[in-house]
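Read off the chains here:
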Amino acid sequence: MPYGLIAGNGRFPLLALEAARKMGMDVVVIGIKEEAPPEIESLGAKCYWISLGALSKLIDICKKEGVTQLMMCGQVKHTKIFSSIVPDWRLVKLLAALDTKNTDALIGGVQKVLSDEGIQLADSTLLLKDLLAPEGILTKRKPTSDEQRDLDYGRRIAATLSQIDVGQSVAIAERACVALEAMEGTDAMLRRAAQLAEGKPLRLVKGSRRRGHLLFDVPVVGPQTIAVMVETGTTALAVDANRTLLLDRDELLRRAEDARLTIAAYSSTT
């Protein structure tokens, strides 16, 4: 039976589909109209487009194509929850039953609905294991002592933040938490932090929420992350090893080296 892939925005779904093609895997791609890049149409064995709120149509497509394993690849902006997207009856019922509308609650609810229909969420990094960040310092430049103290502090904050499922990232300057990520996303959070820090160098910590799975909302870092770090005066980045995707890794690290940034991946258990 073919795998299914729900495509959100960014490079993540494209890279996953390219990897599937190289492996000779048939993947039915289901693109979110409001998010997914048009290039997915040429990469999947079959391609369908659905609106963000069309949970029933998603289930119908999976049953039609015999999909019982479904990967979620690519970001869907959390702010879409509060936009003009019209949910179908299944999603309306699900939303009404939720006490909160954070990521774990929403996707967890969708996961339960899919499971009841015989469709299981699969590891979203299944096709891209070689892109997961290995443990260690990934750039030639190691963190300075000041950067290391900020990163260590930021990792403690990110670990605490993960318990309430608000956002993945924090911005630190001089052992002070300048900004926490919520629905705006990491890039917008860094830009806000730069305004607050008034020229002080920032450090970015991106956590994986320490879940026991990689089914959804996997942290992603790419060349765009480096561009925003340079723009905002962010000199160091810490991620969770083996739980963070490094998209276009060679280009990402080249840009980091050119900008004299440092990137470190730490075990998520420490």
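Residues numbered from 1 in each chain as written. Predicted model: local features only at pLDDT ≥ 70, side-chain atom pairs only at ≥ 80, totals over all residues. Heavy atoms only, no water.

(A) Summary view of the packing of helix 3 (residues 89–97) against helix 4 (residues 103–116). Two elements in contact, helix 3 and helix 4, have axes separated by 10 Å at closest approach and are oriented at 125°. Looking at the two axes, helix 3 sits oblique to helix 4. The element helix 3 and its partner helix 4 pack so that their crossing is right-handed. Here R90, L94 and L95 of helix 3 come into contact with helix 4, specifically with L106, G109, V110 and V113. Along the lines of polarity and charge, the residues of the contact of helix 3 with helix 4 split into five nonpolar, one polar and one charged. (Axes fitted to C-alpha atoms, helices over the stretch in contact; angles between N-to-C directions. Helix = DSSP H or I, 4+ residues; strand = E, 2+ residues; numbered from the N terminus. Parallel < 35°, antiparallel > 145°, perpendicular 65-115°, else oblique. Left-handed = near helix turned anticlockwise from the far one by under 90°. Contact = heavy atoms within 4.5 Å. Nonpolar A, V, L, I, M, F, W, Y, C, P; charged D, E, K, R; others polar.)

(B) The arrangement of the pattern of salt bridges in detail. Scanning all chains against the criterion turns up 16 salt bridges. Across the salt bridge formed by D116 and K112, the nearest N and O atoms sit 2.9 Å from each other. Within this pair, D116 and its partner K112 are both found in helix 4, separated by four residues, close to a single helical turn. Judged by its relative accessible area of 54%, D116 falls in the exposed class. Of the charged contacts, one joins R192 and E184 as a salt bridge, the two residues approaching to 2.5 Å between their closest N and O atoms. Counted as one network, the salt bridges with shared partners bring together R141, E147, D150, R175 and R203. (Salt bridge = Lys/Arg side-chain N within 4 Å of Asp/Glu carboxyl O. Buried < 20%, exposed > 50% of the residue type's maximum accessible area, 1.4 Å probe, protein only.)

(C) Looking closely at the confidence of the model for the chain. Averaged over every residue, the pLDDT of the chain is 90; residues scoring 70 or more account for 94%. Mean pLDDT values over the elements of the chain span from 85, in helix 4, up to 98, in strand 6 (residues 136–137). (pLDDT = per-residue confidence, 0-100.)

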